[in-house]
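For reference, the chains in residue letters:
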Amino acid sequence: MRRLPAVVAAVLTAVLATLLSSPTAQAADWPVVGSGSTGPNVTAVQHLLTAQGYSTAADGVFGSGTTAEVKSFQSDQGLTADGYVGSDTWPELVVTVSSGHTGSAVKAAQVLLNKYGYDLAVDGDFGPGTDSATRDFQSDQGLAVDGIVGPNTWRALTSGSGSGGTDEKLTHAQAAAMFQSAGISWSSSGNCSDRYNSSCTSFDQLRRTSADGIIALKRASGCTVHITGGTETGHASGTYSHWNGYKIDFAPYSCVSNYVTGTFTYLGKRSDGAALYESGSGNVYAHEGSHWDATYY
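First things first, this report covers the structure right here in the doc. (Residues numbered from 1 in each chain as written. Predicted model: local features only at pLDDT ≥ 70, side-chain atom pairs only at ≥ 80, totals over all residues. Heavy atoms only, no water.)

## Things to note about the packing of aromatic side chains
Okay, so step 1: Per the stated rule, a full pass over the model turns up 16 aromatic pairs.
Okay, so step 2: Geometrically, the ring pair formed by W30 and W90 is stacked, given 5.8 Å between the ring centres and 15 degrees between the ring planes. With W30 in the loop between α2 (23–26) and α3 (40–51) and W90 in helix α5 (residues 90–93), this residue pair connects regions lying 60 residues apart in the sequence.
Okay, so step 3: Exposure remark for W90: the relative accessible area of 0% places this residue in the buried category.
Okay, so step 4: Clustering of aromatic rings is evident, with ring pairs tying together F250, Y259, F264, Y266, Y277, Y285, W292 and Y296.
Okay, so step 5: The ring of W243 has R195 sitting right over it, with the charged end atom 3.5 Å from the ring centre. (Phe/Tyr/Trp six-rings, centres within 6.5 Å; stacked < 30°, edge-to-face > 60°. Helix = DSSP H or I, 4+ residues; strand = E, 2+ residues; numbered from the N terminus. Buried < 20%, exposed > 50% of the residue type's maximum accessible area, 1.4 Å probe, protein only. Lys NZ or Arg CZ within 6 Å of the ring centre and 35° of its normal.)

## Section: the sheet that holds strand β5 (residues 247–250)
Okay, so step 1: With mixed pairing, seven strands are arranged side by side in an open sheet as β2-β4-β5-β9-β8-β7-β6. Unpaired on one side and paired on the other, β2 (185–186) and β6 (265–269) mark the two borders of the sheet.
Okay, so step 2: Judged from the four bridges that link them, β5 and strand β9 (residues 292–295) form a sheet pairing that is antiparallel. Bridging from a neighbouring strand, F250 pairs with W292 of β9.
Okay, so step 3: Lying on the sheet, helix α10 (residues 208–221) is in contact with β5 and β8 (284–287); it crosses β5 at an angle near 35 degrees.
Okay, so step 4: Packing of helix α11 (residues 254–263) onto the sheet brings it into contact with β5, β6, β7 (275–278), β8 and β9, and relative to β9 it is tilted by some 55 degrees. (Pairing = 2+ DSSP bridges. Contact = heavy atoms within 4.5 Å. Axes fitted to C-alpha atoms, helices over the stretch in contact; angles between N-to-C directions.)

## Digging into the state of the cysteines
Okay, so step 1: By the definition in use, this model includes two disulfides.
Okay, so step 2: A disulfide bridge connects C192 with C200, and the sulfur atoms are separated by 1.9 Å. Taking the sign of the S-S torsion, about -100 degrees here, the bridge from C192 to C200 comes out left-handed.
Okay, so step 3: Given the relative accessible area of 27%, C192 is considered partly exposed. (Disulfide = S-S within 2.5 Å.)

## What about the pattern of salt bridges?
Okay, so step 1: Going through the model one piece at a time under the given rule, you end up with five salt bridges.
Okay, so step 2: A salt bridge links R219 to D136, with the nearest nitrogen and oxygen atoms 3.4 Å apart. Here D136 lies in helix α7 (residues 128–141) and R219 lies in helix α10, a separation of 83 residues in the sequence.
Okay, so step 3: Among the charged side chains, a network of salt bridges with common partners joins R270, D272 and E288. (Salt bridge = Lys/Arg side-chain N within 4 Å of Asp/Glu carboxyl O.)

Purely spatial values, then, with no claim about function.
Written as structure tokens, this is what we have:
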């Protein structure tokens, strides 16, 4: 067997090493969803089926109706019609979308971005908020930051588990650094950060999911966000409480208030009269008059 010249062999080795170490080459495999599956990936499948002309209710439950539509799509594409969406079906199902696009494929992208805490309205409009979230996600994943949800971005969106479900707790310094970097300010009547002083605003033991949620609100709205309450004592108790790191209070400035009321779903009023709004990823914002009380799940 004839050997390659040393220079050519070295070049090929370098190219191969680059390819193998690139984010695209190392990206996780497409996930497999099918009968009985639930969650954002299923909702995305349902929106994508609709975008492809196979109208499917986007309820996040992979039931018999979704299975039937998947099989029809697979059969029409010349794929094995087994009703499971995996590595063969996802690439055929996804639709490349970017700024200015509208429709069900955009809804699928928004649902998956919300899996990572971006709090987008699932409205099918690829506007500035969705473009910004896409670019942030691509940057975080080491992908080309172009704002286009193409095959590599779709695969990263579907294969990751997102920020939901993590209970990582932050120190005050860690959260404060994240907020400062995102352009979010905070204050307290006592000008302090002691978790055991109700006059302070503390981020000690704040869940990372909550920190990511308020940062996502800042990015999506483009508004000034000023935090007035964190994990300090003095708030109502409960599982999903300030003390347990689920809640953040922020000032009701007109820009961010208009974004919440104009973008999220109105749920009605709480027993104390606070108006409730739910984001696309299930976070709840209560307007308590002097501030917004946000709960990040």
